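# Summary of the model geometry
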Amino acid sequence: MAYGLVNIKGVTEEEIKAVEETLDDVITLLGTTENTGGTASAGTVMAKLNKLLTDWTNVRAGKIDTINTNAAKLTDTRVGYIDKLANFGATTDTGGTATAGTVMAKLNKLLTDWTNARAIKLDNIGTTGETGGSTSAGTVMAKLNKLLTDWTNTRAGKIDTINSAIGTTANTGGTATAGTMMAKLNALITANSKGLKVKRIQRGFASNASQDQKYYTNDYREINISEIDLTKTVLITDTSGNQWNSTYGVTITIPYISSTTKIRQYRSHTSKSGDTNYNVYPAFNWSIIEFE
């Protein structure tokens, strides 16, 4: 671009040329009316304006008009909703709880608590079709499916049968061949219309004994007891024995009720001391329970 020289006092020709170059740069930046390709980082001023004019369509302008028209719809209530958008918070928010914190704080709390270990526990629940459950393997669903497979109607029926066989506390009519378990127990308790009531208990201890055969010619000894009804009495006693040599080992001599007033025990063996022969009897505890 050519410029005429202006006679300005004190201005040199070099300074005038510098101004001319600056003007050329400004004209270049302004561009021409048909320039295109304007962006936020490239293009002349005219290119950028042409870009804006191209993007600024009547449709978009109409939308702005619509915003203006609908401005009345932005009530105080709706403004309050917009204010609440702040509750979304920032990506680094912390301290979220069920009653406090922004949305981001709550999400970060969930992400912190949602560890791999907890995720694995949920995986262990499994899916509805899983199989192979056992006491030591398989997901929860696999174990449940195993139980459902094993729990057949036949087995359920057996459980029902057990329940029927047990009966209820008031069942009667129990015998050796009929009645529920409760009916049989009730029959035992009410036997002879007296029930299983203990009338008397006798107990004692018979110590080791050696009896001179010269005076005790029987091969047993007897312990006296109070008279009992043999049909309603049981004897509880030790199983006693005695070691007399390595050849014959131990002889077991079990006491028993021999009469209504006696407990009898046979000798385990005989021994000799000098010219005297002895019957030998091991010690034992005894208890007699007599029912009414």
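Scroll up for the structure.
Read on for an overview of the structure. The residue count restarts for each chain, going from 1 along the sequence in the order it is written. Given that this is a predicted model, residues contribute local features only at a pLDDT of at least 70 and side-chain atom pairs are listed and counted only at 80 or more, while totals for whole chains, interfaces and linings are drawn from all residues. To obtain the side-chain values, all non-hydrogen atoms of the structure were used and water was disregarded.

### A word on the nonpolar core
Our working definition: Buried Ala, Val, Leu, Ile, Met, Phe, Trp, Tyr and Cys residues that are joined via side-chain atoms within 4.5 Å together make up what is termed a nonpolar core. The classification of residues rests on relative accessible area computed with a 1.4 Å probe and restricted to protein chains. Under 20% of the type maximum is buried, over 50% is exposed, and intermediate values are partly exposed. A run of H or I in DSSP becomes a helix once it reaches four residues, and a run of E becomes a strand once it reaches two; helices and strands are each numbered from the N terminus. For this analysis, residues touch if any pair of their heavy atoms sits within 4.5 Å.
Counting residues in hydrophobic clusters, the biggest one holds eight residues: A206, I223, I225, I228, I263, F284, W286 and I288. For this core, the element with the highest residue contribution is strand β11 (residues 284–291), accounting for three residues. If we skip the residues at most four places from it in the chain, I223 touches A206, T261, K262, I263, F284 and W286.

### Structural notes on the packing of aromatic side chains
Here the distance between the centres and the angle between the planes together describe a pair of aromatic rings. Heads up, the rule is: Classification of ring pairs uses Phe, Tyr and Trp, with its six-membered ring standing for Trp, and accepts pairs whose centres are within 6.5 Å; under 30 degrees between planes counts as stacked, over 60 as edge-to-face, and the remaining range as tilted. Distance and angle both matter: a charge sits over a ring if NZ of Lys or CZ of Arg is within 6 Å of the ring centre and within 35 degrees of the ring normal.
As enumerated under the stated definition, the model contains one aromatic pair in all. Seen in terms of ring centroids, Y220 and Y266 are 5.4 Å apart; in terms of plane orientation they differ by 70°. Their pairing is edge-to-face. Of the two residues, Y220 sits in strand β3 (residues 220–224) while Y266 sits in strand β8 (residues 262–266), which places them 46 residues apart along the sequence. Above the ring of Y220, the side-chain terminus of R264 is found at 3.8 Å from the ring centroid.

### Notes on the environment of L30
Counting through the fold element by element, L30 comes out in helix α1 (residues 13–30). Linking L30 and V45, residues 15 residues apart in sequence, is a C-alpha distance of 4.9 Å. In contact with L30, not counting residues within four places along its chain, are T44, V45 and M46.

### Quick word on the side chain of S268
Tracing the chain through its elements places S268 in the loop between β8 and β9 (269–273). The buried category is assigned to S268, whose relative accessible area is 7%.

### Some details on a nonpolar patch on the surface
Spelled out, the test is: Distance thresholds for patches are 9 Å for like charges and 5 Å for nonpolar side chains (Val, Leu, Ile, Met, Phe, Trp, Tyr), applied to residues having over 30% relative accessible area and no salt bridge. To measure how exposed things are, a 1.4 Å probe is used in the Shrake-Rupley method; for residues, cover is taken only from the protein chains shown. Salt bridge, as applied in this entry: a Lys or Arg side-chain nitrogen positioned within 4 Å of an Asp or Glu carboxyl oxygen.
A surface patch of nonpolar side chains, about 770 Å² in accessible area, is lined by W151, I159, I162, I166, M181, L185, L188 and I189. Elements represented by at least two residues in the nonpolar patch include exactly α8 (153–166) and α9 (181–189). Considering the arrangement of structural elements, one finds L185 in helix α9. Here L185 falls in the partly exposed class, since its relative accessible area comes to 41%.

Such coordinate-based values are descriptive only and should not be taken to indicate function.
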